[in-house]
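Chains, contacts and geometry: an overview
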Amino acid sequence: MDAVRFRPRARRKHARRYNEDVARWDKAFTQATEHILREDNEVVYRTVAEHLLQSSTDNGIRTAILISGEQAASTHRLLRHVEDALGTNVVVLRPQDCTTVRLAMRTLSQAIAQRGRPLQGRMSELALIRRWARLQQAAERPRIVITVTNAESVPGAVLEHVVQALTALDTVLDPRLLLNVATSFNDLRGLLTTSTCELLCARLFRLESSEVSIERIVTDVLLATDDRLCFGFEIFDAILGDYKTAHRAADLFLRSLRYAALCHFGSTAYDECEVIRSLLSMRKLVEQTHDVRMLTDDVYLRAKLDGMRSEILQYRRDVHKAFIMLSSLKECLLPHSSYRRYDLYRLLLAGRLRGHNLLGELRVRLRVARPEVIRGWLATSALSEAASLMVELDNIMGMADDSGTESRPLELRKLDSFYRANDTKLGLAPRISSPRTEHELRASRTTRASSTSSKAVAEALRGSLTLKQQRWTALVDRLDVLLHKYFQDKLINHEHLPLHELYWFDQSCLHTASFAVDVRSGLGKALSFTALPIVKAFSLFQDSGQLINVYDWCRAFSEDDDSPLSQALFMRALTEMRFMGLLKATRRKTDHVQKCVTVV
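Read on for an overview of the structure. Owing to the predicted nature of the structure, the values given are computational and were not obtained by experimental measurement.

**Comments concerning the packing of aromatic side chains**
The relative placement of two aromatic rings is captured by the distance of their centres and the angle of their planes. The full count for this structure, using the stated rule, is 10 aromatic pairs. Ring geometry for F538 versus F541: centroids 6.1 Å apart, planes at 25°, classification stacked. With F538 and F541 both in helix α26 (residues 533–543), this residue pair falls three residues apart, about one helical turn. Through a chain of ring-to-ring contacts, the aromatic side chains of F538, F541, W553, F557 and F570 assemble into a single cluster. Taking the ring centre of W504 as reference, the NZ or CZ of R316 above it sits at 4.6 Å.

Below you can see the structure in the form of structure tokens.
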């Protein structure tokens with residue numbers, strides 16, 4: 001009886017905690033991503049709005065053609081920019097509103113006429129728009145921006161009629177046209193004739209990829225330094241795979257992250273001590289420390305949780321700092337590398353970043369890098385030894401080039417003295433060249449790949465290095481050791497931490513089931529349990545062979561009922577199944593249809 005009374009109370013407590021956690025996470029998530037989405041393609045949106053706001057010309061209707069491509073899901077932000085610039089005089093025509101000429105003109109006229117006093121009486125679409133323009137009582141022609149979303153899906157005759165109608169209204173309106181093209185500009189050109197294209201004063205715009213925005217999302221959101229929810233390798237790999245293969249828009253990437261977070265909060269009750277004790281990381285901690293009291297005492301366990309949370313927060317701060325340093329070092333030494341920040345984050349979650357070939361390549365490039373490059377990176381680095389290294393680098397750069405060069409040939413030393421004397425007479429600054437490390441000199445002088453030749457070149461170089469080159473080589477070697485040790489200590493996976501299951505969500509089953517739907521099984525279930533005429537036709541379809549006699553199928557469907565209603569229902573079911581791709585007509589037998597799938 002007590003257990004029955006406790007369950008509703010626990011369910012209400014869990015629901016209240018769920019709502020609080022979702023609201024808190026969603027607020028922090030929105031604040032962190034709002035400025036990223038606002039700056040994504042902001043320059044292109046502003047340029048399109050400025051083009052549409054320019055004064056009209058005699059060359060035709062001012063038109064902006066936007067090639068959205070993979071950013072088709074982000075064009076609503078462009079409409080927001082245009083609406084903010086023009087007020088409310090923006091009309092949106094969707095493909096479903098432009099199936100016929102009359103429907104498109106009716107939708108256009110009703111949308112324009114609703115932006116003011118309602119007009120009474122029956123009149124044509126063009127007359128309705130002219131009367132609305134006269135009632136505005138403006139000194140200039142009212143400006144209207146007509147936006148056609150996914151213009152490739154609009155029939156060419158409808159699009160041409162809309163352009164010609166807007167040209168006819170040029171005396172009372174100042175129309176502007178915004179055409180959104182999802183795939184190819186050539187497909188849009190194929191819909192319009194040459195005479196219609198001459199009526200447009202068009203300019204082509206193209207949305208850029210969201211690669212930079214995704215990298216900022218990884219840095220600002222996923223590499224969080226607080227106790228917000230993050231994502232593990234499995235779920236992040238699924239979301240990143242969908243971004244690379246299916247869609248490449250920052251909006252859809254963020255929607256996938258939000259959906260994964262809701263799945264986590266809906267399946268986790270981390271305020272219960274019993275749930276915490278059942279975690280695998282907690283059981284491993286108890287086995288290692290032999291602290292059995294955490295399994296029996298709730299007060300003692302909650303006191304331990306504060307220390308575990310502090311450890312997780314410190315780990316997040318260290319990883320964020322190390323990841324930013326690694327990303328900036330890669331941009332300085334390997335600016336053309338194919339690895340993006342989200343690829344590095346994926347390697348970090350998988351625990352393969354410390355031993356990856358990228359770190360080895362960075363070490364090689366660091367040993368032969370120029371002093372200016374290293375100093376520029378140290379100026380922005382958060383390394384604790386960065387200040388002392390910069391001071392030592394400046395001291396090395398200020399040294400004379402011939403310090404410790406007694407072993408150099410006499411002719412070269414005389415030539416250097418001659419240059420310095422002439423620079424002093426002309427009042428020029430002393431010549432200070434960038435030193436080269438021993439590794440760079442060895443790489444430039446080694447001609448064979450044998451170990452004997454490499455050792456011989458190394459021994460010869462050590463004896464001929466100047467003091468400036470020796471100190472510069474020592475500085476680079478010390479920086480290499482520091483960075484290698486720092487990255488090996490900090491760029492580690494989170495799975496070694498206790499309670500990491502509560503702060504890193506790593507279950508992709510719900511995400512895969514939602515974003516990678518099995519269409520065939522879902523269609524089979526839908527056609528098996530719905531009360532529609534197609535269900536009966538589909539059951540007979542499943543029991544038949546590869547070729548189906550339509551007459552026999554209709555007789556079995558109607559159960560020898562030859563009424564027009566029964567035949568109409570069968571034809572409707574047949575048309576719907578053909579639309580879904582389950583069957584097709586065949587030339588082998590005109591009164592038969594052929595199955596396109598065997599089992600659904």
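**Comments concerning the sheet that holds strand β5 (residues 200–206)**
Spatially, β2-β3-β4-β1-β5 is the arrangement adopted by the five strands of the open sheet, whose pairing is parallel. On the outer flanks of this sheet lie β2 (90–93) and β5, each paired with one strand and no other. Strand-to-strand, the axes of this sheet are offset by a mean angle of 20°, without reference to chain direction. Relative to strand β4 (residues 174–181), strand β1 (residues 61–67) runs parallel, the two sharing six bridges. From the neighbouring strand, R62 faces β4, where its bridge partner is R176.

**A look at the sheet that holds strand β8 (residues 547–549)**
Reading across from one edge, β8-β10-β9 is the order of the three strands in this open sheet, with antiparallel pairing throughout. Two strands lie at the open edges of the sheet, namely β8 and β9 (583–585), each paired on one side alone. When the angles between neighbouring strand axes are averaged without regard to direction, this sheet yields 35°. Relative to strand β10 (residues 592–595), β8 is paired through three bridges, and the arrangement is antiparallel.

**Things to note about the packing of helix α9 (residues 211–222) against helix α15 (residues 341–350)**
Helices that pack against each other are described as a pair by the angle of their axes relative to one another and the distance between those axes. Between α9 and α15, whose axes approach to 8 Å, the crossing angle comes to 40°. In terms of axis orientation, α9 runs oblique to α15. In this structure, α9 uses E211, I214, E215, V218, T219 and L222 to contact α15, whose residues at the interface are R341, Y342 and Y345.

Analysis parameters
- Chains are numbered independently. Their residues run from 1 in the order of the written sequence.
- Only residues with pLDDT of 70 or above have their local features reported here, since the model is predicted, and side-chain atom pairs are shown and tallied only from 80 upward, although totals for entire chains, interfaces and linings are computed over all residues.
- Excluded from the side-chain calculations are hydrogens and water; all other atoms, namely the structure's heavy atoms, are used.
- Classification of ring pairs uses Phe, Tyr and Trp, with its six-membered ring standing for Trp, and accepts pairs whose centres are within 6.5 Å; under 30 degrees between planes counts as stacked, over 60 as edge-to-face, and the remaining range as tilted.
- Working definition: helices are DSSP H or I runs of at least four residues, strands are E runs of at least two. Numbering for both runs from the N terminus.
- Whether a charge sits over a ring comes down to the Lys NZ or Arg CZ being within 6 Å of the ring centre and within 35 degrees of the ring normal.
- Two strands make a pair as long as DSSP finds a minimum of two bridges between them.
- Axes here mean lines fitted to C-alpha atoms, for a helix over just the part in contact, with angles spanning 0 to 180 degrees between N-to-C directions.
- Angular relationships are summarised with four words: roughly parallel below 35 degrees, roughly antiparallel beyond 145, roughly perpendicular across 65 to 115, and oblique for the angles in between.
- We call two residues contacting when some pair of their heavy atoms lies within 4.5 Å.

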